[in-house]
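# Structural characterization, general
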Amino acid sequence: MPTSTVYPTKDESGNLLTTEYGLCSYRDHQTFSMQEMPESAPAGQLPRSIDVVLEDDLVDLCKPGDRVSVVGIYKAIPVRSVGAGQSGVFRTVLVALSLYQLSKDVAAPALSHEDIKNINELPRRLDPKTLLALLGKSFAPSICGHENIKRALILLLLGGSEKNLKNGTHIRGDINCLMVGDPSVAKSQLLRCVLGVAAYAVSTTGRGSSGVGLTAAVTTDQDTGERKLEAGAMVLADRGVVCIDEFDKMNDADRVAIHEVMEQQTVTIAKAGIHASLNARCSVIAAANPIYGNYDHSQGVTRNINLPDSLLSRFDMLFIVLDQSDTKVDRAISSHVLGMHSSEKQVFSTKAILQRDTALVQNNTETESSMYLAHNAGGEVLSKRFLQKFLYYAKHRPWQPALTKEAEGFIAEQYSQWRVDKAADSRNRRTLPITARTLETMIRLSTAHAKMRMSKSVDVVDATVAIEIMRLVVEAEGLAVPNAAKLVDEKEEEEMMLEAPETQHDSGQGVSNLPTGISRSKFVVFQRRFPDLMFHRDSIPMDELSIAAASWLEDGSFTRTDVENIVSHMQKINKLLVAEGEVHLI
């Protein structure tokens, strides 16, 4: 005779039954809510979720933020009603039979043998500077200018090396970035490009993200009345990227909640009797407007941003993007925007990129299997899909690049120079405070550049690129990030020509007496950069001076012969002394 599933309270004779709790057998029981992954959720719809019931050995196999696959029985359970009887509404649960965790790389692109061959071919055929410029141009081809920010975001997606020391110390390898600037300078568009290129990214906004929405919260279950833990955006983006738009619109109380996440990369909960520590190992990319709407040049950087130094120092990179009124820049932007909207030139339009997403390279005439297209107005551009594969392959190499002694000395020298400059001029307009985190940032950027080269060691060339990016962030000239890199180069050349008479006035016979075979611009650059190199020393080997001078010009045209000619010329006018391969200051 079949029996009912209702808990019995009376026997067959109508006598009341009493439960003997001491003779009962108990089983572990846990309920959690599972939500579909953000990258697989339907566009424009809320991600669907379902409650999962775990029993026995399945309990505590996962925690908030984990990606899991559950196999179980789909059941309908009647909802308890406060009044008499049962309501006609049933809620559905999944009674789990098995559970296993998915890798964080579940969204990784599929790599074919041809893809791996093409990826390995890029660093061999292109020098590091050209390769980084190509990746930056391919990152956001529809955005005009901002070349420095694009290169920095490419290095951010590659990331540094995470280290867990034997004493339990965790050193983060993720890079955080903050963009502050005037309206209509493509800050939000850059965030959208990150969402499209990153293997796993979560987007949120400042006003829509309270401290609970970003980190984690303890809530009460309506049915059982029990406390439960809910994960926020940063916990869900573990091993990924979090994009926060309108960062300045967040409340102060909510902004405090992300201090711990950005450095320790954990979320600690101590509420309502629940004590837990959740992983939030993610990179943070935030965009914000100045406090006055537009950037006020009469105020310092800190007053414009209105963020505390404790939070600013947690951002590895801070780019201040200004809407400068310049005729050449405006013409470059207008021609780029009009070109995208015209029917003749659809190479970089969003529709064209989506249509040709499966190809390696986009071309307005034909899609080739080779790495590059013919040179046109836009130049060479990699497809978005291939860029995703390249970044994923370069980031997940089985080795971690190791710092060389030369790179260590190069980074330490630059860091100490910035620290001394800060102490000498406490009222300078530096964008970020110079702390030990700045030194770690240079190491992370150098490691990311080494990953891009598929190198097992971090060399001086990697440290040079990292310092160039950090110089835009740290030093005063980083306040005006231009909108066209070529126009900047022209402007720098004009400035050097204007400053040449001053150099001549200071050094007596400076630029008017040029060394043999040396151009005026090269000599001016040498006179400007050489004192910075000799800031903490009285002498330098000729070999080291030649290596350092090679990075002073973008085209690397400073040869050892040029350095020797300049040093010989300055020795004649009693500015330097050369002895046994050492250059001494007088």
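Our structure is the block above this text.
No experiment lies behind these values; they were computed from the predicted model shown.

This paragraph deals with the overall build of the protein. Tallying secondary structure elements over the protein gives 20 helices and 20 strands in all. Residues counted as buried form 43% of the 586 residues belonging to the protein. Intrachain contacts of the protein at a sequence separation of at least 6 include 67% that bridge at least 24 residues. Accessible area of the protein: about 31,100 Å², with a carbon and sulfur share of 51%.

The subject of this paragraph is the environment of Asp-248. Mapped onto the elements of the fold, Asp-248 is located in the loop between strand E11 (241–245) and helix H7 (252–256). Note on Asp-248: relative accessible area 24%, which makes it partly exposed. On a C-alpha basis, the gap between Asp-248 and Asn-306 in space is 8.2 Å, while along the polypeptide they are 58 residues apart. Apart from the residues lying within four places of it in its own chain, the contact partners of Asp-248 are Arg-255, Ala-288 and Asn-289.

Across six bridges, the pairing between strand E12 (residues 266–271) and strand E13 (residues 274–279) is antiparallel. Looking at E13, one finds that Ile-269 is bridged to Ala-276. Hairpin connection of E12 to E13: two residues between the antiparallel strands, including Ala-272 at a positive phi of 50°.

Reading across the sheet, the five strands line up as E8-E11-E14-E7-E15 and stay open at both edges, with parallel pairing between neighbours. Each of the sheet's edge strands pairs with one partner strand only, and the pair in question is strand E8 (201–205) and strand E15 (317–321). Geometrically, the sheet is characterised by an average inter-axis angle of 15° between neighbouring strands, direction not taken into account. In this sheet, E15 lies alongside strand E7 (residues 177–181) in parallel orientation, the contact comprising five bridges. In the strand pairing of E15, Cys-177 is matched with Met-317. The sheet strands contacting helix H3 (residues 147–158) are E7, E11, strand E14 (283–288) and E15, and the helix crosses E15 at an angle near 155°.

What counts and what doesn't
Residues numbered from 1 in each chain as written. Predicted model: local features only at pLDDT ≥ 70, side-chain atom pairs only at ≥ 80, totals over all residues. Heavy atoms only, no water. Helix = DSSP H or I, 4+ residues; strand = E, 2+ residues; numbered from the N terminus. Buried < 20%, exposed > 50% of the residue type's maximum accessible area, 1.4 Å probe, protein only. Contact = heavy atoms within 4.5 Å. Areas by Shrake-Rupley, 256 points an atom, 1.4 Å probe, with all protein chains shown as cover. Pairing = 2+ DSSP bridges. Axes fitted to C-alpha atoms, helices over the stretch in contact; angles between N-to-C directions.

On their own, these measurements won't tell you what the molecule is for.
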